[in-house]
Amino acid sequence: MASHPQHTGPGPRELSGADAEDLALYREKFRRRLPESLDELHGPAHGVVELPLHLAWSGMTSYDLDNPRQRMGLYSTVLHEGLHDDLPRYLNRDLLLELWPVLRTLVGRTVRTVWEDAFPELASRSRAAA
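Let me begin by describing the structure that accompanies this report. (Residues numbered from 1 in each chain as written. Predicted model: local features only at pLDDT ≥ 70, side-chain atom pairs only at ≥ 80, totals over all residues. Heavy atoms only, no water.)

## As for the environment of Asp66
Then step 1. For Asp66, the location among the structural elements is in the loop between strand 2 (62-64) and helix 2 (68-81).
Then step 2. Look at Asp66 and you get partly exposed, because its relative accessible area is 45%.
Then step 3. A C-alpha to C-alpha distance of 8.2 Å links Asp66 and Ala45, two positions 21 residues apart in sequence.
Then step 4. Those residues in contact with Asp66, other than ones at most four positions away along the chain, are His46, Gly47 and Arg71.
Then step 5. Only 2.8 Å separates the side chain of Asp66 from the side chain of His46, close enough to count as a polar contact.
Then step 6. At 3.3 Å, the side chain of Asp66 forms a polar contact with the backbone nitrogen of Gly47. (Helix = DSSP H or I, 4+ residues; strand = E, 2+ residues; numbered from the N terminus. Buried < 20%, exposed > 50% of the residue type's maximum accessible area, 1.4 Å probe, protein only. Contact = heavy atoms within 4.5 Å. Polar contact = N/O pair within 3.5 Å; in protein donor to acceptor, adjacent residues only side chain to side chain.)

Put into structure tokens, the structure is as follows:
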């Protein structure tokens, strides 16, 4: 797996030992799911996608990628719930890069941090869009 730098989040004075350990484990959960490279993301860019229940367990399972709101919903769901093998199947590299400046505001801080630390091209797209 690719080297993933540690994000400099809250310092030890800001989190108790147990909270810091919980946060580290939570971040690692997402790090382990990452592809080696964004080039591995060959998911669809158009059409209707049906997500399996292990991804879309709490709501919608069918997403039309040609509908901007549904596209953002699918990407947010897959980023939060997707396992390592789900990411290349449902995410598309070019679409992720295009969506990232807005998508990063819709996902949780931990997901955003893990992805931007691992893939600097995502963070640079965010800065360029600002």
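## Structural notes on helix 2
Then step 1. Look at helix 2: 20 Å from first C-alpha to last across 14 residues, which is about the 20 Å you get at 1.5 Å a residue.
Then step 2. Arg71, Met72, Leu74, Tyr75, Ser76, Thr77, Val78 and Leu79 are the residues of helix 2 that are buried.
Then step 3. By the N-cap criterion, in which a side-chain oxygen at the helix start approaches the backbone nitrogen of a residue two or three places on, helix 2 is capped by Asn67, the distance to Arg69 being 3.0 Å. (Expected span 1.5 Å × (residues − 1).)

## So, the packing of helix 2 against helix 4 (residues 93-106)
Pairs of packed helices are described in terms of their axes, by the angle between the two and the distance that separates them.
Then step 1. Contact geometry of helix 2 with helix 4 gives a least axis separation of 10 Å together with a crossing angle of 80°. With respect to each other, helix 2 and helix 4 are oriented roughly perpendicular. Facing Arg71, Met72, Tyr75, Ser76 and Leu79 of helix 2, the residues of helix 4 in contact are Leu95, Leu96, Leu99, Trp100, Val102, Leu103 and Leu106.
Then step 2. Here the residues of the contact of helix 2 with helix 4 are counted per class, giving ten nonpolar, one polar and one charged. (Axes fitted to C-alpha atoms, helices over the stretch in contact; angles between N-to-C directions. Parallel < 35°, antiparallel > 145°, perpendicular 65-115°, else oblique. Nonpolar A, V, L, I, M, F, W, Y, C, P; charged D, E, K, R; others polar.)

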